[in-house]
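Below are the chains, spelled out letter by letter.
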Amino acid sequence: MPETLAICPGSFDPPTLGHLDIIRRGLRLFDRVIVAVTINVRKKPLFTVEERIEMLRVCFDGDPRVDFDSLEGLLASYARQRGAQAILRGLRAPSDFEYELQMSQMNRHLVPDLETVFLSTEPVGSYVSSSLVKEVASLGGDVGALVPPHVNAALRARYAAP
Ligand code: PNS
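Below, the structure is looked at part by part. No experiment lies behind these values; they were computed from the predicted model shown. (Residues numbered from 1 in each chain as written. Predicted model: local features only at pLDDT ≥ 70, side-chain atom pairs only at ≥ 80, totals over all residues. Heavy atoms only, no water.)

On to the pattern of salt bridges, then. Across all of its chains, the model carries 10 salt bridges by this definition. Put simply, Asp 13 and Arg 52 hold a salt bridge, and the shortest N to O gap is 4.0 Å. With a gap of 39 residues between them, Asp 13 in the loop between strand E1 (5-10) and helix H1 (17-29) and Arg 52 in helix H2 (residues 49-60) connect regions that are remote in the sequence. Each member of the pair, Asp 13 as well as Arg 52, is classed as buried. Here Arg 65 ties to Asp 63 by a salt bridge, and the two come within 2.9 Å at their closest N and O atoms. Overall, Arg 65 belongs to the partly exposed group, its relative accessible area being 37%. (Salt bridge = Lys/Arg side-chain N within 4 Å of Asp/Glu carboxyl O. Helix = DSSP H or I, 4+ residues; strand = E, 2+ residues; numbered from the N terminus. Buried < 20%, exposed > 50% of the residue type's maximum accessible area, 1.4 Å probe, protein only.)

Given below as structure tokens:
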């Protein structure tokens with residue numbers, strides 16, 4: 001049987017426990033997952049792509065089924081080039097669905113046999129997003145239960161008073 005591969009794309013700025021849950025559960029469905037961290041020149045990220053990849057890598061502690069890459073340009077072309085069957089995304093709330101549906105349809109328009117697989121997040125993580133985590137952390141709020149410990153430490157260091 002050929003190996004199954006999914007691409008899990010995102011900004012991951014920073015990775016949250018919700019992201020990790022989706023990647024871990026994706027590994028039950030696919031033999032391998034490539035986590036693709038987007039380089040978006042229009043967004044000004046808090047962490048560099050290299051920092052975000054390193055934060056993700058630590059979470060999977062050498063698991064050979066997970067690979068990490070940066071992504072510049074079209075996700076559909078990247079997925080085709082890597083030979084992936086699917087894009088893996090998490091759905092937190094109904095409000096995510098409209099945007100995600102559009103993206104999945106556009107990606108299938110670009111690469112017709114590329115499927116998008118949506119996993120629903122744990123209800124407890126439904127309010128967690130990287131942008132809210134950053135906002136709360138920047139204002140001194142505790143996000144320790146929402147991100148891995150090393151990400152929490154990186155946020156604290158980034159927002160520590162100079
Ligand atoms: O974590 P995010 O920021 O919500 O992820 C959005 C992402 C990375 C999935 C989306 O912006 C994307 O696919 N970017 C790559 C560029 C691309 O292919 N754009 C067209 C999407 S149909």
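On we go.
Bringing the site of the ligand into the picture now. Taken together, 13 residues form the shell around the ligand, and within it Ser 11, Thr 38, Lys 43, Leu 75 and Arg 89 come nearest. Contact distances for the ligand include 2.8 Å between an oxygen atom and a backbone N or O atom of Leu 75. The separation between an oxygen atom of the ligand and a polar side-chain atom of Arg 89 is 3.2 Å. Contact with the protein chains covers 73% of the free accessible surface of the ligand, which is 550 Å². By residue number, the principal contributor to the shell around the ligand is helix H4 (residues 94-110), which donates 4 residues. For the shell around the ligand, a count of residues per class yields 6 nonpolar, 5 polar and 2 charged. (Near = heavy atom within 4 Å. Polar contact = N/O pair within 3.5 Å; in protein donor to acceptor, adjacent residues only side chain to side chain. Areas by Shrake-Rupley, 256 points an atom, 1.4 Å probe, with all protein chains shown as cover. Nonpolar A, V, L, I, M, F, W, Y, C, P; charged D, E, K, R; others polar.)

Here we take up H2. One turn of an α-helix holds 3.6 residues; hence residues three or four places apart share an orientation. Its 12 residues place the ends of H2 17 Å apart at the C-alpha level, agreeing with the 16 Å of an ideal helix rising 1.5 Å per residue. Here H2 has its buried residues at Val 49, Arg 52, Ile 53, Met 55, Leu 56, Cys 59 and Phe 60. Taken down its axis, H2 places every buried residue within 160° of arc, on the same side. Among the residues trailing H2, Asp 61 stands out with phi positive, at a value near 40°. (Expected span 1.5 Å × (residues − 1). Arc of directions from axis to C-beta.)

Attention now goes to the sheet that holds strand E3 (residues 66-71). Spatial ordering of the open sheet is given by E3-E2-E1-E4-E5, a layout of 5 strands whose pairing is parallel. Only two strands of the sheet have a single neighbouring strand rather than two, namely E3 and strand E5 (115-120). Taking the axes of each pair of neighbouring strands and ignoring which way they run, one obtains an average angle of 30° across the sheet. Of the strand pairs in this sheet, strand E2 (residues 32-38) and E3 are connected by 6 bridges, and their pairing is parallel. If you follow Val 33 over to E3, its bridge partner there is Val 66. Packed on one face of the sheet, H2 meets E2 and E3 and runs near 170° to E3. The strands touched by H4 within the sheet are strand E4 (86-91) and E5, with E4 carrying the most contacts at an inclination of about 175°. (Pairing = 2+ DSSP bridges. Axes fitted to C-alpha atoms, helices over the stretch in contact; angles between N-to-C directions. Contact = heavy atoms within 4.5 Å.)

Within the element layout of this structure, Ile 34 appears in strand E2. The exposure class of Ile 34 is buried, given its relative accessible area of 0%. In this structure, the C-alpha to C-alpha distance between Ile 34 and Phe 68, residues 34 residues apart in sequence, is 5.6 Å. Apart from the residues within four sequence positions on either side, Ile 34 is in contact with Leu 5, Ala 6, Ile 7, Cys 8, Asp 67, Asp 69, Tyr 78 and Arg 82.

Moving on, we come to the side chain of Asp 96. In this structure, Asp 96 sits in helix H4. Classification of Asp 96 as buried rests on a relative accessible area of 14%.

Moving on, we get to helix H3 (residues 75-82). Of all the positions in H3, only Leu 75, Ala 76, Tyr 78 and Ala 79 are classed as buried. All buried residues of H3 project into a common sector of 160° when viewed along the axis, lining one side. Among the exposed residues of H3, those oriented more than 90 degrees off its buried face are Arg 80 and Gln 81. Where the residues of H3 are buried, they touch E1, E2, E3, E4 and H4. Gly 83 lies just past H3 and shows a positive phi near 75°.

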